[in-house]
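Residue-level structural notes
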Amino acid sequence: MSSTGQEPSIFTRIAAREVPATIVAETERIIAFTDIAPQAPVHVVITPKTSEYSNVVELAAGDPGLLTELIEVADAVAARLSNGQFRLVFNTGASVGQTVFHVHAHLLAPQAAGGTLG
Ligand code: 5GP
């Protein structure tokens, strides 16, 4: 349990190395790892390591600098694993498919020749 009395999210547990994942990028406050059920040749989840914001609207209002950092990580991951071009999807709400209520972006992109997810 966290100090708020809530269970840590699956992404918090990945960031803490309690749950294994293929981590492709990390900064002090952001972690990026391959999605367990990829929907594109490159499908990376990019998320703050802590879960105080449940969606991108809350993140933008509460910590716009952290949202900027998340987008910079997306750009760097796409430059390394793809061709620098990418879709960034923030599901916001259960009715559009959000299942993990810890803000995260899906980076979806083609895989670059020679790109590796490991
Ligand atoms: P959402 O549907 O909330 O926008 O996205 C959650 C994403 O997290 C899904 O694409 C799902 O496949 C991914 N996911 C859920 N649990 C895990 C996990 O344990 N490991 C990894 N790598 N991805 C996960």
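Whatever comes next refers back to the structure up there.
Residues numbered from 1 in each chain as written. Predicted model: local features only at pLDDT ≥ 70, side-chain atom pairs only at ≥ 80, totals over all residues.

1. As for the overall build of the protein chain
This is how the line gets drawn: The secondary structure listing takes helices from DSSP runs of H or I that are at least 4 residues long and strands from runs of E that are at least 2 residues long, numbered from the N terminus. Burial in this document is a count-based property: other C-beta atoms within 10 Å of a residue's C-beta are tallied, and the residue is buried at 20 or more, exposed at 12 or fewer, or partly exposed in between, with C-beta positions derived from the backbone. Placing a C-beta atom from the backbone of each residue, one calls two residues in contact when those atoms lie within 7 Å.
Scanning the protein chain from terminus to terminus reveals three helices and five strands. Along its sequence from the N terminus, the protein chain presents helices and strands in the succession α-β-β-β-α-α-β-β. For the protein chain, the proportion of its 118 residues judged to be buried stands at 27%. Taking the contacts inside the protein chain whose residues are at least 6 apart along the sequence as the reference set, 60% of them involve residues at least 24 apart.

2. Things to note about the sheet that holds strand S1 (residues 23-26)
What counts is decided by this rule: Strands pair, by our definition, only if DSSP identifies at least two bridges between them. Working convention: axes come from line fits to C-alpha atoms, limited for helices to the stretch in contact. Angles between N-to-C directions cover 0 to 180 degrees.
A sheet is described by the order of its strands in space; here five strands give the open sequence S1-S2-S3-S5-S4, paired in antiparallel fashion. In this open sheet, the two strands that pair with only one neighbour each are S1 and strand S4 (87-89). Within the sheet, the average angular offset between the axes of one strand and its neighbour, ignoring direction, is 20°. Strand direction decides the pairing type here: S1 and strand S2 (residues 30-34), joined by three bridges, are antiparallel. Bridging from a neighbouring strand, Ala25 pairs with Ala32 of S2. Together, S1, S2, strand S3 (42-48), S4 and strand S5 (105-109) form the strand contacts of helix H3 (residues 64-81), whose direction differs from that of S3 by roughly 155°.

3. Some points on the site of the ligand
To keep things clear, this is the line we draw: Proximity of a residue to a molecule or strand is defined by its backbone-placed C-beta atom lying within 6 Å of that partner. Three classes are used: nonpolar for Ala, Val, Leu, Ile, Met, Phe, Trp, Tyr, Cys and Pro, charged for Asp, Glu, Lys and Arg, and polar for all others, with Gly counted as polar.
Close to the ligand lie 14 residues, the nearest being Ile36, Ala37, Asn91, Thr99 and Val100. A per-class count over the shell around the ligand returns eight nonpolar, five polar and one charged.

4. Structural notes on the nonpolar core
Defined as follows: Core membership is restricted to buried Ala, Val, Leu, Ile, Met, Phe, Trp, Tyr and Cys residues, and these are joined into a nonpolar core through C-beta atoms within 7 Å.
Formed by 21 residues in total, the largest nonpolar core has its most connected members in Ala32, Phe33, Val44, Ile46, Ala74 and Leu107. Among the secondary structure elements, those contributing two or more residues to this core are helix H1 (10-15), S2, S3, H3 and S5. At five residues, the largest contribution of residues to this core is made by H3. The contact partners of Val44, leaving out residues within four places of it in the chain, are Val24, Ala32, Phe33, Thr34, Asp35, Val77 and Leu107.

5. A closer look at the pairing of S3
For S3, the tally of buried residues reaches six of seven residues, placing the bulk of the element in the interior. Direction of pairing for S2 relative to S3: antiparallel, over a ladder of five bridges. In the sheet register, Thr34 faces S3, and the bridge partner there is Val44.

6. Points about the pairing of S2
In terms of residue burial, S2 counts as a mostly covered element, since four of its five residues are buried. Taking the residues between adjacent antiparallel strands as the criterion, S1 and S2 are bridged by three residues.

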